[in-house]
Amino acid sequence: MAHVGIDGERKSGIDIRAEHVTATMAISNIVKSSLGPVGLDKMLVDDIGDVTITNDGATILQRLEVEHPAAKVLVELAELQDSEVGDGTTSVVIVAAELLKRGTELVKNGIHPTTIMTGFRLALKDAVKFVKSTLMVTIDQLGDDAIISAAKTSMASKLLNADEDFWSKLAVDAVRSIKTHTADGKARYPVSAIHILKAHGKSSTESELVSGFAVNVQRAAQGMPSMVKNARIALLDFPLQRHKVQMGISVQVDDVSEVEGIRQRELDITKERIQKILQSGANVVLTTKGIDDTCLKYFVEAGILAARRVKKEDLTRLARATGGHVVVTLADMEGNETFDAECLGSAEMVQEERVGDGEMLYIRGTAMSKATTIVIRGANEFHLDELDRALHDVLMVVKRVLESAAVVAGGGSVEAALSIYLEKQAQLLATREHLAVAEFAQALLVIPRTLSVNAAQDAIELVAKLRADHHAAQLDPKDNNPLKFTGLDLFSGDVRNNLLSGVLEPAISKIKCLRFATEAAITILRIDDMIKLNPKPPPDDPRRGH
Ligand SMILES: Nc1ncnc2c1ncn2[C@@H]1O[C@H](COP(=O)(O)OP(=O)(O)OP(=O)(O)O)[C@@H](O)[C@H]1O
Ligand SMILES: [Mg+2]
């Protein structure tokens, strides 16, 4: 690159495209075998030997520490899907990689990348429209059982599957219990109000739903009450310690008794601080930092329940739920120390209870919003972590179904229907984009194909059967032919009506999956040049040679 004055390596055109396809296919191939109810798990061991066993696409990719820039786009894509939808992280990566592969093939055949991108966008728009107009079914039509079915579909590939009745009920109850309404009267289910606590021991079916907020801390001293009713909670983000004269300040004393005086004053300052908190009416004190013995003594004397080392995020959530504020300092604008009673949160009851091997603090009847905690039990750390991740997917799915009240049939049904529909659309297009739309249609089939391969079934035959049914459904002018819900039955190796069999997914998660996958493929397709600068050599050491 010396001739243009760039110190680095430049790759452009088809070379860089081919490299991107290789990198993204490698990523997609890693997660492929974990797709679907018969997908397998991955064990990941990091550089310090920590083991993670998981089936969750986003988690697998996050732990891989991918370096290739194009592959990183896919990893971020999975993260986006995880935070926006919760479920579908494996599917989104597989679809995006397939779209990119097919898009690059078209470029190789001489189609301009811009045409391909326009074609993909067009296909996406048509696909979303078709899902909304034809494939989507509302919960009103199906009844409440559909919510449970959607939860079960989401956990089909996860550890939770063994006790699906138990977990789906627990998840639906949990999400329902935190229902709130927005200003314009819409029901909302903020999943962040569900707190998941992991406790070792017992079997996973002994997990329980606790109404209220549970925090994994104990009261700081035995002499404190273990239960406080009508709790007024002070939420502090500073340590409660004996006040000390600051570092670097020197005090000259002539008389030994004056040292005692300084000590006494230090104690008094501490006592005054605690008094200020107590005078505001607080009877429970939680802090993210420590509480030393001197302060504990004052709390025990006043009969206050105090706990230290509460996680910051727990405290912030608790502040939201109880209507309090996290206080970071007692100092006010004038330089005095005060504690405002308005910062206190309130709850009906705060109680310490025994769970598993340790104690936990339960905060029940929080003033502002409802809070729910799921205490999950399990044999070991790996088990608990994976249960937690799977439960997160399920909770998000239930939330999506309850909020948007619409589902689609799963098991490759939507993908097959869309592929038939888009093929037809491509034929109707009289522009150059029709090739890209046709490739988009083909790319979607990667989902039913992978599902059948993972289930050790004949992928070619099953996908052909699926397509035949959807073709018949779309030929039917009546528009509600039940064949449009045909999906895979992976256990018997046949096709069936997945709407009736209860394999359901939230419509919104399918739509977002298509949208994110297309955007990611386009982002990478736009790149036609990559310049990697050489690292700068270290500056010459002036002492060298001396
Ligand atoms: N009983 C079932 N029969 C057929 N297909 C199913 C069944 N249960 C789930 N599926 C399909 O499995 C796919 C979901 O698989 P999986 O949960 O492993 O991946 P994901 O949701 O894409 O990613 P992740 O759950 O890791 O975030 C969906 O396409 C769904 O329709
Ligand atoms: Mg899933």
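Right above here is the structure, for reference.
These figures come from a predicted structure and were not determined experimentally.

Rules of the game
- Residues numbered from 1 in each chain as written.
- Chains lettered and ligands numbered in written order.
- Predicted model: local features only at pLDDT ≥ 70, side-chain atom pairs only at ≥ 80, totals over all residues.
- Heavy atoms only, no water.
- Axes fitted to C-alpha atoms, helices over the stretch in contact; angles between N-to-C directions.
- Helix = DSSP H or I, 4+ residues; strand = E, 2+ residues; numbered from the N terminus.
- Parallel < 35°, antiparallel > 145°, perpendicular 65-115°, else oblique.
- Left-handed = near helix turned anticlockwise from the far one by under 90°.
- Contact = heavy atoms within 4.5 Å.
- Nonpolar A, V, L, I, M, F, W, Y, C, P; charged D, E, K, R; others polar.
- Near = heavy atom within 4 Å.
- Polar contact = N/O pair within 3.5 Å; in protein donor to acceptor, adjacent residues only side chain to side chain.
- Areas by Shrake-Rupley, 256 points an atom, 1.4 Å probe, with all protein chains shown as cover.
- Pairing = 2+ DSSP bridges.
- Expected span 1.5 Å × (residues − 1).
- Buried < 20%, exposed > 50% of the residue type's maximum accessible area, 1.4 Å probe, protein only.
- Phe/Tyr/Trp six-rings, centres within 6.5 Å; stacked < 30°, edge-to-face > 60°.

Topic: the packing of helix 5 (residues 113–135) against helix 14 (residues 434–444)
1) Next: With their axes 8 Å apart at the nearest point, helix 5 and helix 14 run at an angle of 55° to one another. What the angle tells us is that helix 5 and helix 14 run oblique. As for the relative orientation of helix 5 and helix 14, their crossing is right-handed in sense. On helix 14, the residues touching T115, I116, G119, F120, L122, A123 and L124 of helix 5 are A436, V437 and F440.
2) Next: Taken together, the residues of the contact of helix 5 with helix 14 sort by class into eight nonpolar, two polar and no charged.

Focus on the environment of L235
1) Next: Structurally, L235 can be placed in strand 10 (residues 227–236).
2) Next: Put simply, L235 and V285 are 50 residues apart on the chain and 6.3 Å apart in space, counted from C-alpha to C-alpha.
3) Next: In contact with L235, other than residues within four places in its own chain, are L286, L315, L318, A319, T322, G324, H325, V326 and V327.

Regarding the site of ligand 1
1) Next: Around ligand 1 lies a shell of 25 residues, among which T89, S91, K158, G411 and E505 are the nearest.
2) Next: The backbone of G36 places a nitrogen or oxygen atom 2.9 Å from an oxygen atom of ligand 1.
3) Next: A distance of 3.3 Å separates an oxygen atom of ligand 1 from a polar atom in the side chain of D56.
4) Next: Within the complex, the protein chains bury 95% of what would otherwise be the 640 Å² of accessible surface of ligand 1.
5) Next: A total of three residues in the shell around ligand 1 trace back to one element, the largest contributor, which is helix 4 (residues 89–108).
6) Next: Considering only residue class, the shell around ligand 1 consists of seven nonpolar, 12 polar and six charged.

Observations regarding the sheet that holds strand 7 (residues 194–200)
1) Next: Strand order across the open sheet formed by three strands is 7-16-8, with mixed pairing between neighbours. In this open sheet, the two edge strands, each paired with only one partner strand, are strand 7 and strand 8 (208–211). The sheet shows a mean angle of 25° between the axes of neighbouring strands, taken without regard to direction.
2) Next: Examined bridge by bridge, strand 8 and strand 16 (residues 372–378) share four bridges and lie antiparallel to one another. Of the residues in strand 16, the one forming a bridge with L209 is I374.

A look at the sheet that holds strand 4 (residues 137–138)
1) Next: Reading across from one edge, 4-17-20 is the order of the three strands in this open sheet, with antiparallel pairing throughout. Edge strands, defined here as strands with exactly one partner in the open sheet, are strand 4 and strand 20 (504–506).
2) Next: As judged from the two bridges shared by strand 4 and strand 17 (residues 406–409), these two strands associate in the antiparallel manner. The residue of strand 17 that forms the bridge with V137 is V407.

Side note on the packing of helix 4 against helix 17 (residues 507–525)
1) Next: Look at helix 4 against helix 17: their axes get within 8 Å of each other, and the N-to-C directions meet at 40°. Classed by the angle they form, the pair helix 4 and helix 17 counts as oblique. Along this stretch, helix 4 crosses helix 17, giving a crossing that reads as right-handed. Residues S91, V92, V95, A96, L99, L100, G103 and T104 of helix 4 form the contact with helix 17, whose own contacting residues are C513, F516, A517, T518, A520, A521, I524 and L525.
2) Next: Here the residues of the contact of helix 4 with helix 17 are counted per class, giving 12 nonpolar, four polar and no charged.

Points about the side chain of N497
1) Next: Within the secondary structure, N497 is located in strand 19 (residues 494–497).
2) Next: At a separation of 2.9 Å, a polar atom in the side chain of N497 contacts the main-chain amide nitrogen of L499.
3) Next: For N497, the residues in contact, after removing those within four places along its chain, are P482, F485 and T486.

Description of helix 9 (residues 256–279)
1) Next: If you check helix 9, its first and last C-alpha atoms are 35 Å apart, about what 24 residues at 1.5 Å a residue would give, namely 34 Å.
2) Next: For helix 9, the full list of buried residues reads E266, I269, T270, I274, I277 and L278.
3) Next: Tucked inside the fold, the buried residues of helix 9 contact strand 10, strand 11 (284–287) and helix 10 (293–302).

Things to note about the environment of H243
1) Next: Mapped onto the secondary structure, H243 falls in the loop between strand 10 and helix 9.
2) Next: Overall, H243 belongs to the partly exposed group, its relative accessible area being 26%.
3) Next: Between the C-alpha atom of H243 and that of T486, which follows or precedes it by 243 residues, the distance is 71 Å.
4) Next: Filtering out sequence-adjacent residues up to four positions away, H243 remains in contact with E266, I269, T270 and R273.

Details of unusual backbone geometry
1) Next: The phi angle at R309 is positive, at roughly 55°, despite the residue not being glycine.
2) Next: Relative to the assigned elements, R309 resides in the loop between strand 12 (305–307) and helix 11 (312–322).
3) Next: The backbone of A405 shows a phi angle near 55°, a positive value even though the residue is not glycine.
4) Next: Residue placement: A405 occurs in the loop between helix 12 (381–404) and strand 17.

Let's talk about the packing of aromatic side chains
1) Next: On inspection of all chains with the given rule, the structure shows three aromatic pairs.
2) Next: With a centroid separation of 5.2 Å and 80° between ring planes, the pair formed by F166 and W167 is classed as edge-to-face.
3) Next: Look at F166 and you get partly exposed, because its relative accessible area is 26%.
4) Next: Residue W167 is classed as buried on the basis of its relative accessible area, which comes to 1%.

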